[in-house]
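Breakdown of the fold
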Amino acid sequence: MLILRTLQWGSQHGHGISVAIRASSLDVLQVEHGSLYPALHRLRKQGWIEAEWKMTENRQRARYYRLTAAGKRQLAAEESRWNDLVQAIARVMNPAGEEER
């Protein structure tokens with residue numbers, strides 16, 4: 001979900017995706033390359049992202065990923081499930097009628 005959300009803002013290479021997630025989470029979330037690139041491969045296989053080779057700002061060749069229409073639909077579904085999960089956890093953590101301590 002975080003990769004798809006990051007790509008919603010525009011195409012990005014793998015390292016840029018990792019940096020964006022870390023920066024937007026104020027350094028709380030750090031995606032290691034050993035986890036990121038297999039995830040990118042799975043997302044491509046599912047048709048949620050596409051990739052093409054381009055030159056970076058440093059004039060290095062890198063694969064840039066972008067969100068597909070199917071990826072946008074998947075992101076919306078993932079966000080809906082995430083919101084449901086957050087609400088369910090909140091209900092468990094703070095049942096109705098329980099006073100703040």
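In this text, all values refer to a predicted model and were calculated from it rather than measured experimentally.

Let us look at unusual backbone geometry. Not every positive phi belongs to a glycine, and D27 is a case in point at roughly 70°. For D27, the position within the fold is in the loop between α2 (14–24) and α3 (33–45). Although it is not a glycine, R59 adopts a positive phi angle of roughly 60°.

Let us look at the sheet that holds strand β1 (residues 12–13). Taken in spatial order, the three strands of this open sheet run β1-β3-β2, and their pairing is antiparallel. At either margin of the open sheet sits one strand with a lone partner, and together these are β1 and β2 (49–55). Across seven bridges, β2 lies against strand β3 (residues 61–67) in antiparallel orientation. Each residue of the ladder has a partner; that of K54, found in β3, is A62.

So, on to the nonpolar core. Judged by nonpolar contacts, the single largest core of 14 residues is most densely connected at I3, L4, L7, I17, L40 and I49. Every element with two or more residues in this core is listed here: α1 (2–8), α2, α3 and β3. Considering each element in turn, this core owes the most residues, four residues, to α3. Setting aside chain neighbours within four positions, we find L40 in contact with I3, G14, I17, I49 and Y65.

Here the focus is the packing of α2 against α3. Closest axis-to-axis distance for the α2/α3 pair is 10 Å, and the angle between their directions is 115°. Considering only the axes of α2 and α3, their crossing is right-handed. Within the contact between the two elements, α2 uses G14, H15, I17 and S18 and α3 uses H33, L36, Y37 and L40. Among the residues making up the contact of α2 with α3, the classes are represented as four nonpolar, four polar and no charged.

Attention shifts here to the pairing of β3. Relative to β3, β1 runs antiparallel, the two being bridged by two bridges. Within the sheet, the bridge partner assigned to Q12 lies in β3 and is Y65. Hairpin connection between β2 and β3: a loop of five residues separates the two successive antiparallel strands, and R59 in this loop has a positive phi of roughly 60°.

What counts, and where the lines are drawn
Residues numbered from 1 in each chain as written. Predicted model: local features only at pLDDT ≥ 70, side-chain atom pairs only at ≥ 80, totals over all residues. Heavy atoms only, no water. Helix = DSSP H or I, 4+ residues; strand = E, 2+ residues; numbered from the N terminus. Pairing = 2+ DSSP bridges. Core = buried A, V, L, I, M, F, W, Y, C linked by side-chain atoms within 4.5 Å. Buried < 20%, exposed > 50% of the residue type's maximum accessible area, 1.4 Å probe, protein only. Contact = heavy atoms within 4.5 Å. Axes fitted to C-alpha atoms, helices over the stretch in contact; angles between N-to-C directions. Left-handed = near helix turned anticlockwise from the far one by under 90°. Nonpolar A, V, L, I, M, F, W, Y, C, P; charged D, E, K, R; others polar.

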